[in-house]
Amino acid sequence: MSESSRRAEAAAAALAAGISMGAYCLGTALRGSRPFGDRSRAAGDLGDRFVPFHAHLWDLMHGDTTGDLLFNWNSGYGAPFLPDFFGYLMNPFSWLVGLFPRSAVNVPVFLVTLFGIGLGAALMTRFLGRLHPGSGLLRALLAVGYGLCAWVLDDGSPAPMWMWGLVSLPLLCLVGDWCLRGRHRVLGSLAVAAAWAGNLPTGATATLGAGLVLLLRVLLLTDRPVLARLRVLVRAAGTAVLGVLLAAPVLTVGLKADKAAQPAPPGSYDGPPGLTDYLAQLLPGGRPDHVLPNVSVGLLGLLLVAGLPFNRRVPVRERIGWYALLLLVGASFVWEPTVLLWHGLSLPTGTPYRAAFVLSGLLVTAAWVSLARRPDLVTLLGGAAVVALIALLGHGQSSVRTATWVLLSAGGVLVLGALRLWERGTARRTVGAVLTLGVLAGAVHSAYAVTRLPSVQPRETVSARTLTAHRLIRQAEDWPHSRTDPGPHEFTANDPLLLGGEGGAYAADRLPRTTAELLHDLGAGWYDQGRQTLGPADPVGRALFGVTTYLDEGPAPDGFTVGHSPAAPLVTLRPAGPAPDTSSVWGRQQSLLGATVYRVPQLTPVAGPAPTLHGSSGWSVPATPAGSAWTTFEGSCLPGEQVFFHGPWFEGTVQGLGTTYLSRGRQPMTAMPIRLLGDAPADGVVRVALRTDAAAQVPAQPVGCLDRAALGRALARPNGATAVHSTGHSVSAELSPGSTGTALISVPAVTGWECAVDDGPERPAGSVLGMIGIPLGAGAARLSCVYRPPGLMPGVALSGAALAVLVGVALVPLLRRRARAERVPG
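Throughout, residues of each chain are indexed from 1 in the direction in which the sequence is written. A pLDDT threshold of at least 70 governs which residues receive local features in this predicted model, and a stricter bar of 80 or more applies before side-chain atom pairs are shown or counted, although totals over entire chains, interfaces and linings include all residues. Think of the side-chain values as coming from all heavy atoms in the structure, minus any hydrogens and water.

### Concerning the packing of helix α13 (residues 299-307) against helix α18 (residues 402-424)
Operational definition: Here, axes are lines fitted to C-alpha atoms. For helices the fit covers the stretch in contact, and angles between N-to-C directions go from 0 to 180 degrees. Helix and strand labels come from DSSP, where a helix needs a run of H or I of at least four residues and a strand needs a run of E of at least two; each type is numbered from the N terminus. Each angle is binned into one of four classes, with values under 35 degrees roughly parallel, values over 145 roughly antiparallel, values of 65 to 115 roughly perpendicular, and all other values oblique. Put simply, a crossing is left-handed when the front helix is turned counterclockwise from the back one by less than a right angle, and right-handed when it is turned clockwise. In this analysis, two residues are considered to be in contact whenever any of their non-hydrogen atoms come within 4.5 Å of each other. Under the convention adopted here, Pro, Cys and the residues Ala, Val, Leu, Ile, Met, Phe, Trp and Tyr are nonpolar, Asp, Glu, Lys and Arg are charged, and Gly plus all remaining residues are polar.
Between α13 and α18, the least distance of the axes is 10 Å, while the angle of their chain directions is 65°. The orientation of α13 relative to α18 falls into the category roughly perpendicular. You can see that α13 and α18 cross each other, and the crossing is right-handed. Here Leu-299, Leu-300, Leu-303 and Leu-304 of α13 come into contact with α18, specifically with Leu-407, Leu-408, Gly-411, Gly-412, Val-415, Leu-416 and Leu-419. For the contact of α13 with α18, the class distribution of residues is nine nonpolar, two polar and no charged.

### Topic: the side chain of Asn-74
The criterion, for reference: Note on exposure labels: buried denotes an accessible area under 20% of the residue type's maximum, exposed denotes more than 50%, and partly exposed covers the range between, all computed with a 1.4 Å probe on protein chains only. Contacts described as polar in this section are N or O atom pairs within 3.5 Å, which, within protein, must combine one atom able to donate a hydrogen with one able to accept it, while residues neighboring in sequence count only if both atoms come from side chains.
Here Asn-74 is to be found in the loop between β1 (71-72) and β2 (79-80). For Asn-74, a relative accessible area of 5% puts it in the buried group. There is a polar contact of 3.1 Å between the side chain of Asn-74 and the side chain of Thr-65. Those residues in contact with Asn-74, other than ones at most four positions away along the chain, are His-56, Thr-65, Thr-66, Pro-496, Leu-497, Gly-500, Gly-501, Glu-502 and Gly-503.

### Here we look at empty space enclosed by the protein
What counts, and what does not: Any residue with an atom within 4 Å of a point lines the site, the site being either a cavity, points on a 1 Å grid over the protein atoms alone where a 1.4 Å probe fits but cannot get out, or a pocket, an open set with protein on both sides within 12 Å along at least 5 of 7 lines. Grid points are joined across faces, edges and corners, and a volume is the space filled by probe spheres set on the points.
What the rule picks out here adds up to three cavities of 30 Å³ or more. By volume, the second largest cavity is sized at about 50 Å³. Around the second largest cavity, the lining residues are Arg-102, Ser-103, Val-105, Thr-461, Val-462, Thr-466, Leu-467, His-470, Leu-498 and Leu-499. Listed by contribution, the elements that provide at least two residues to the lining of the second largest cavity are α20 (464-476) and α21 (495-499). Take the lining of the second largest cavity: its biggest share by element is three residues, from α20. Here the lining of the second largest cavity is built from residues that sort into five nonpolar, four polar and one charged.

### Points about the layout of surface pockets
Empty space within the second largest pocket amounts to approximately 720 Å³. Pro-488, Ala-537, Asp-552, Pro-673 and Arg-675 are the residues nearest the centre of the second largest pocket, which is lined by 37 residues in total. For the lining of the second largest pocket, the per-class residue count stands at 20 nonpolar, eight polar and nine charged.

### Describing the pairing of strand β25 (residues 753-757)
Let me state the cut-off plainly: One bridge is not enough; two strands pair if DSSP finds at least two bridges between them.
Two elements, β25 and strand β29 (residues 780-787), share five bridges in a ladder whose sense is antiparallel. In the strand pairing of β29, Glu-754 is matched with Val-786. Where β25 and strand β26 (residues 763-764) come together, two bridges link them in antiparallel fashion. If you follow Cys-755 over to β26, its bridge partner there is Arg-763. Counted between consecutive antiparallel strands, the loop separating β25 from β26 contains five residues, among which Asp-758 sits at a positive phi close to 55°.

### Some remarks on the sheet that holds strand β6 (residues 532-533)
Strand pairing in a sheet takes place through backbone hydrogen bonds and is either antiparallel or parallel in direction. Here we have three strands laid out as an open sheet, ordered β4-β6-β5, and antiparallel in their pairing. One side of each edge strand has no neighbouring strand; the edge strands of this open sheet are β4 (506-507) and β5 (526-527). Two elements, β5 and β6, share two bridges in a ladder whose sense is antiparallel. Paired with Tyr-527 across the bridge in β6 is Gln-532.

### Digging into the environment of Gly-87
Residue position: Gly-87 is located in helix α3 (residues 82-88). On a C-alpha basis, the gap between Gly-87 and Asp-509 in space is 8.6 Å, while along the polypeptide they are 422 residues apart.

### Re the sheet that holds strand β12 (residues 612-613)
Pairing within the open sheet is antiparallel, and its three strands lie in the order β12-β13-β20. Edge positions in the sheet fall to β12 and β20 (696-698), since each of these pairs with one other strand and no more. Bridge count between strand β13 (residues 619-621) and β20: three bridges; the pairing is antiparallel. Looking at the pairing, Ser-620 lines up with Gln-697 of β20.

### Here's the deal with the nonpolar core
Our working rule: Among buried residues, those of type Ala, Val, Leu, Ile, Met, Phe, Trp, Tyr and Cys that are joined through side-chain atoms within 4.5 Å constitute a nonpolar core.
Leu-142, Trp-151 and Trp-322 are the most contacted members of the largest nonpolar core, which totals 150 residues. Examining the composition of this core, we find that 13 residues originate from one element, helix α7 (residues 163-181), more than from any other. Each residue touching Leu-142, except ones within four places of it in the same chain, is listed here: Leu-128, Leu-300, Gly-301, Leu-304, Val-364, Ala-367, Trp-368 and Leu-371. With 29 residues, the next largest nonpolar core counts Val-585, Leu-592, Leu-593 and Leu-711 among its residues.

### Considerations on the packing of helix α8 (residues 185-198) against helix α26 (residues 792-823)
The contact between α8 and α26 brings their axes to 9 Å, and the two run at 155°. The pairing of α8 with α26 is recorded here as roughly antiparallel in orientation. Residue-level contacts link Arg-185, Val-186, Ser-189 and Leu-190 of α8 to Leu-806, Val-809 and Ala-810 of α26. Its residues assigned to classes, the contact of α8 with α26 shows five nonpolar, one polar and one charged.

Function-wise, these values are silent; they only describe arrangement.
Now the structure itself:
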């Protein structure tokens, strides 16, 4: 390629990126969506999960956190971090966060999406040129439709890590083109590795989509001998395998973490949408009010794809091949077995159509196949007729709005006229400018329309209140001597990442099952079937995890207050004795504390619809009829004891000791934490009334009465390590010489911890009710534990082997050329 051709290609790619990014920014700004305003399109959009993760990445990059890349001391009272780093932060654009102030962390999160749009559009421009030569301007305008396809605006932009899939598809299509031409073998494997490492789910999806494009080109669109075609496919398979192996740690660590993770709520596919509803998603101007594949690529791409069957300048075999591929992929998105295939045999959270960007890319590619052959009047009119038919069939669907008809009529006339003039060679500069403005206007409207629907109040991520909370947490930091928990007050689902400290809250797809179960068993709440945990909000729960400072709900203007409470040290000693009491949450807490601090009253129903006790399984509470008395339990505590209620799955109203609150438990999705009702009265009689609209369940022993003096004595006794030290992914403790029993470390006993006592060998950490428990044997003076991510070393070994093979592939041609040069007489 000549220097002028390279400059022209770079200019076309830059134009596609510039228009795409500019249109997205303009549309977002017009609606006042973040970061240009305070509006958000969905609960969890940017704030709940991804801004806190990027804030934690900022802390890691600046050495301003207690953990490291392998382990996160901030969340879930200690959780593996490498799987979540691979899952949420491997998009290279995420690493820009280090260049911004921490107080502006929401800006680089927006840039992850923005730069993904730009790079995806630029790479698509380049791939279209490799598929068929033609105008750089027209390729760029089509690529804008890919960069701002409906999938990006609806599905990709709220989940920045998915945006790497938008980059991966055209990148891997370029890799397929290199395999077809026998070029860039090493670079091709590196590109595959980048796609899979940047985001595993969308990288795998993009690989499948690019593989289908290559198969079509090799089997149907080239006139090569059979052996030559087979060599191309073998070369492509080898390139892909090497690339995947280079990214092996992402796979091996991720698979191990998936296996150990708290299970996701069971997904179900509701079946394919109606044909007219599906076809309506091709039209510009609106979005559906229910979940559908988002595949629109704008009016220009749609008209050209619709006109492809009528373009006689495209060989019949090519027209049939591209349309067959479009129909095959489109149908595979709505048939459950192939929906699962596209998504790694499990439905993704939120939408079953995460792979829809592949169809958007194929639509743009097929549009270029027609446009590169200069569609004539028959082609354009045929395409317009097909689009009009789709619009008429889609009339009445939720995605076909007034804007759709305006864009189809006014925009359709402009695009058809411009394409007709371009085909005739008339005033191409003027026509190109008009077409560019039309594409830009349509792209801005698309971004504007999607950021408009639906709008919700976003959760706070970067505000004066969160900055104040972050400052207060940092001032109170005393790790590893004690923990500072930013809960139970909530700004986001991942406050410990956003604000610092060492809390129990954590929201992640790969949150360990051990962590979720430990916190749940000790009376903490959870959401999303345990994939979002909360820290304990009761004194004993806080004490067990060493929380001495916390943020609680409070009055305006901040909405929170700083609380303090006594707590056990990070490492305590549990003497040998009977097995832990697991009959109730109170028993589990006391077993880990090593002291009796609760009185657990025997409850008697005294009013309202009679509940039924099912042994240790708990009470069934019937629905409360209108006007009826509430189901009421009565028990006895000592005067002045703090009375707590624990009904994790109860949905209804709880009333007792002057306290009334709404409990939103729903098994297994939402578990409510232990709640304080008040102090037991002078006569010690405690009554708890429950009202529910449907039959509900509470534990057999839902009430616990806390003796605060006993708790104070338990925490004051010398029962811990004499010194505790912690690094990024290890913890060690000095003990009184000759210590026996079991050393409890208030960290969930997730797989990967290995511990040693004194100078003994490292062994997998034991567990006591889900906490790390280390038997001390006949007596010990020191213990140490280190966390090693399961699957990391096998992944590194596979990656190293693949790298060695790749180096060999690079060196073989060089050695051959040197050998030939030496054989030539000097």
